[in-house]
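# Understanding the architecture of this molecule
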Amino acid sequence: MRSPTRSAMLGAGVGCVVAHSQSTKLEVHRLSDTTTIFEQEQDLDTFGGRLSRARAASYLTTKELSLRLGVKPSTVKAWECDRSQPSAHRISKLAGLLNVSLSWLLHGVGTAPVEAEDETAADVIGEQLAKLKLLHAETGQLIGRIETRLDTLAQPPLE
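The residue count restarts for each chain, going from 1 along the sequence in the order it is written. It should be noted that, the model being predicted, local features are given only for residues of pLDDT at least 70 and side-chain atom pairs only at 80 or more, the latter also being counted only at that level, while totals for whole chains, interfaces and linings use all residues. Each side-chain value is worked out from all heavy atoms of the structure, with water and hydrogens disregarded.

## Overview of helix H3 (residues 62–69)
- The buried label goes to any residue with under 20% of its type's maximum accessible area, the exposed label to any with over 50%, and the partly exposed label to all in between, with areas taken from a 1.4 Å probe on protein chains only. A helix here means a DSSP run of H or I that spans at least four residues, while a strand means a run of E at least two residues long, and both kinds are numbered starting from the N terminus. Those residues of H3 not exposed but buried are Thr62, Leu65, Ser66 and Leu69. The buried residues of H3 all sit within an arc of 100 degrees when viewed along its axis, so they share a single face. Of the exposed residues in H3, those oriented more than 90 degrees away from the buried face are Lys63, Leu67 and Arg68.
- Structurally, H3 contributes buried residues whose contacts are with helix H2 (47–57), helix H4 (73–80) and helix H5 (88–98).
- Just downstream of H3, glycine 70 is the residue with a positive phi angle, here 75 degrees. Each direction from the helix axis to a C-beta atom contributes to the arc, which is the arc of those directions. Pairs of residues are marked as contacts when any of their non-hydrogen atoms sit within 4.5 Å.

Here you go:
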């Protein structure tokens, strides 16, 4: 039995998982966006907002994405600002390049990008907490100084 070529495995379709069983048989499991489309909360952002977030999550600049799509950077910026919409074949290319599903890009449900902001948000919050703790300690010291000063002012003068 011949093993499938890479192009045959890729030809299985978008959203397919190719798995090998213990025998050399090739199994294809289709993962459709419709299996989770009603279970997920809809991303209420606009098409341009979702496109911008997916591009950022893919660490691509507007210029890099435009070069891969064969359009001008101003065209990508117009899409991200919701001033225009890409054609159907470009939307399909965008979904593939940005590793998101067509349904997420168009409607906000389906496979969304893994956003790096989630990882860095914890770091940012951790830094803010450390600053807050430092400010809390400094505030405690200032309160102690003010109380000491008030105590000295409240004492009757010595004669």
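## Thoughts on the pattern of salt bridges
- Salt bridges are defined by distance alone: a side-chain nitrogen of Lys or Arg within 4 Å of a carboxyl oxygen of Asp or Glu. Per the stated rule, a full pass over the model turns up 1 salt bridge.
- For the salt bridge of glutamate 80 with arginine 55, the shortest nitrogen-to-oxygen distance reads 2.5 Å. Of this pair, glutamate 80 sits in helix H4 while arginine 55 sits in helix H2, and the two are 25 residues apart along the sequence.
- Judged by relative accessible area, which is 14%, glutamate 80 ranks as buried.

## So, the environment of valine 114
- For valine 114, the location among the structural elements is in the loop between helix H6 (102–107) and helix H7 (117–154).
- Between the C-alpha atom of valine 114 and that of alanine 54, which follows or precedes it by 60 residues, the distance is 8.2 Å.

## Notes on a nonpolar patch on the surface
- Patches draw on residues past 30% relative accessible area with no salt bridge. Two like charges within 9 Å are joined, as are two nonpolar side chains (Val, Leu, Ile, Met, Phe, Trp, Tyr) within 5 Å. Per-residue and other accessible areas follow the Shrake-Rupley method at a 1.4 Å probe size, with only the shown protein chains counted as cover for residues. Together, Ile146, Leu150 and Leu153 make up an exposed nonpolar region whose accessible area comes to about 320 Å².
- Position of leucine 150 among the secondary structure elements: in helix H7.
- Relative accessible area serves as the criterion here: at 52%, leucine 150 is assigned to the exposed category.

## Some remarks on the side chain of arginine 50
- Looking at where arginine 50 falls in the secondary structure, it is placed in helix H2.
- You can call arginine 50 buried: its relative accessible area is 3%.
- Setting aside anything within four residues of it in sequence, one finds arginine 50 in contact with Asp43, Leu44, Asp45, Trp104, Leu105, Leu106, His107 and Gly108.

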